[in-house]
Amino acid sequence: MPRVSCAGYETGRALGLFEACAAQGFSFSTVAIRAPDSRATVLAELEGFRTGGPELPAALGMYRPDLARILMSAAEAAGATARFATTVQSMEQDDRGVDVRFSDGSFGRYDLVVGADGVRSSTGQLLGLTSDTEPVGLGVWRIFASRPAEVTRAELYYGGRCPSAGYTPTSERSLYAFLYEGVQDRRTLTPAEQLALGEQHDPVPHFVLNAVSLIRGDDVLASTEAVGAVFVRDRRKGWLRV
């Protein structure tokens, strides 16, 4: 989910990226829990933890490509070199650093290698760490769409015709919405069929069509994928990471 915590917000400020992120995203400090009834009754309003300090909001919703663009620009300005379509093939570590062989045949010598490549980390696999996902029986629909003016915080629905659904504002113009269902293969559905099926799973009547405003021409970007859990055990230290 493209949501930056307050701690991440504080880190962005320390790196000089606070203003750029705040300008691109949408800040909020409360979360609403709604009932899956015809009125979408608000059951609770929860105040977020301002872990970065009282002067910062609890969270920042943001379109992930916008965040990636800001981070990449800052990294290049600091002297980092970005290489795309290139992967790490092997690593050899000694007391002074790491020798790395890349998929394009090149080599590099580095003081430190950081693998920030997700739960299916190829870097972790090279180090002998396995992190296979286990299915939990759920699939998720995700979409970016135009933000109605009344959506000013994250709101969640539980129960009804799907296990859970919700949305988060990601800018003055956009929001991110999700809807869970029992996992199924939806890869062959057309965009129109996806939207019609999503409406069938609405937690409240017309949630998809009205509350989240999914039908806005070219701004409809829906997808669905299976949800999995990841367990990584470091046998050397005897701890479990989820």
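Residues numbered from 1 in each chain as written. Predicted model: local features only at pLDDT ≥ 70, side-chain atom pairs only at ≥ 80, totals over all residues. Heavy atoms only, no water.

Q: How should I be thinking about the overall build of the protein in this particular structure?
A: The helix and strand tally for the protein stands at 6 helices and 15 strands. Within the span of the protein, comprising 242 residues, buried residues form 36% of the whole. Contacts in the protein between residues far apart in sequence, at least 24 positions, make up 62% of those at least 6 positions apart. Total accessible area on the protein stands at roughly 14900 Å², and carbon and sulfur atoms take up 54% of it. (Helix = DSSP H or I, 4+ residues; strand = E, 2+ residues; numbered from the N terminus. Buried < 20%, exposed > 50% of the residue type's maximum accessible area, 1.4 Å probe, protein only. Contact = heavy atoms within 4.5 Å. Areas by Shrake-Rupley, 256 points an atom, 1.4 Å probe, with all protein chains shown as cover.)

Q: Looking at this model, I keep getting lost on the sheet that holds strand β6 (residues 88–93). Mind explaining?
A: In sheet architecture, strand pairing relies on hydrogen bonds along the backbone and comes in two forms, parallel and antiparallel. Taken in spatial order, the 3 strands of this open sheet run β6-β7-β8, and their pairing is antiparallel. Of all the strands in the sheet, just β6 and β8 (107–110) have a single pairing partner and so form its edges. On average, each strand axis in the sheet is tilted by 20° relative to the strand beside it, whichever way the strands run. Sheet topology note: the β6/strand β7 (residues 98–102) ladder contains 5 bridges and is antiparallel. When the bridges of β7 are listed, Met 91 appears paired with Val 100. (Pairing = 2+ DSSP bridges. Axes fitted to C-alpha atoms, helices over the stretch in contact; angles between N-to-C directions.)

Q: Looking at this structure, I do not really get the layout of surface pockets. What am I missing?
A: Gaps left between atoms are located by rolling a probe of water-molecule size over the structure's atoms. Roughly 980 Å³ of volume is contained in the largest pocket. Looking at the largest pocket, it is lined by 25 residues, and the ones nearest its centre are Thr 81, Arg 83, Val 88, Val 114 and Ala 116. Taken together, the elements giving at least two residues each to the lining of the largest pocket come down to α3 (64–77), β6, β7 and α4 (122–126). If you tally residues by element for the lining of the largest pocket, the top one is α3, at 3 residues. Along the lines of polarity and charge, the residues of the lining of the largest pocket split into 15 nonpolar, 6 polar and 4 charged. (1 Å grid on protein atoms, 1.4 Å probe; cavity = no way out; pocket = protein on both sides within 12 Å on 5 of 7 lines; lining within 4 Å. Points joined across faces, edges and corners; volume = space filled by probe spheres on them. Nonpolar A, V, L, I, M, F, W, Y, C, P; charged D, E, K, R; others polar.)

Q: Is there a simple way to explain the nonpolar core in this structure?
A: The tendency in soluble globular proteins is for nonpolar side chains to be buried side by side. Membership of the largest hydrophobic core is limited to 11 residues, which are Phe 26, Phe 28, Val 31, Ile 33, Ala 59, Val 140, Phe 144, Ala 154, Leu 156, Tyr 176 and Phe 178. At the level of elements, β2 (26–28), β3 (30–34), β9 (133–146), β10 (154–158) and β12 (174–182) are the ones that each hand at least two residues to this core. (Core = buried A, V, L, I, M, F, W, Y, C linked by side-chain atoms within 4.5 Å.)

Q: Help me understand the packing of aromatic side chains, please; the structure alone is not making it clear to me.
A: In this description, an aromatic ring pair is defined by two values, namely the gap between the centres and the angle between the planes. This model, assessed by the stated rule, comprises 5 aromatic pairs. Centroid distance Tyr 63 to Phe 144: 4.8 Å. Interplanar angle 75°. Geometry classified as edge-to-face. Placement of Tyr 63 in the loop between β5 (59–61) and α3 and of Phe 144 in strand β9 is noted, with a sequence separation of 81 residues between them. Residue class for Tyr 63 comes out partly exposed when judged on its relative accessible area of 29%. Judged by centre distance (5.7 Å) and plane angle (70°), the rings of Phe 178 and Tyr 180 are edge-to-face. Overall, Phe 178 belongs to the buried group, its relative accessible area being 12%. These aromatic residues form a ring-pair network of at least three members: Tyr 63, Phe 144 and Tyr 176. For the cation-ring pair, Arg 83 lies above Phe 102, with the distance from its terminal atom to the ring centre recorded as 4.4 Å. (Phe/Tyr/Trp six-rings, centres within 6.5 Å; stacked < 30°, edge-to-face > 60°. Lys NZ or Arg CZ within 6 Å of the ring centre and 35° of its normal.)

Q: Explain the environment of Val 100 here, please?
A: If you trace the backbone, Val 100 turns up in strand β7. Taking C-alpha positions, Val 100 is 5.9 Å from Ser 90, a pair spaced 10 residues apart along the chain. Apart from the residues within four sequence positions on either side, Val 100 is in contact with Val 88, Ser 90, Met 91, Ser 106, Phe 107, Gly 108, Tyr 110 and Val 113.

Q: It is not clear to me how the environment of Glu 10 should be interpreted in this structure. Could you clarify?
A: With respect to the secondary-structure elements, Glu 10 resides in helix α1 (residues 6–14). In this structure Glu 10 comes out as partly exposed when scored by relative accessible area, which is 35%. The sequence separation of Glu 10 and Thr 51 amounts to 41 residues, and the corresponding C-alpha distance is 8.8 Å.

Without other data, these values stay purely geometric and don't point to any function.
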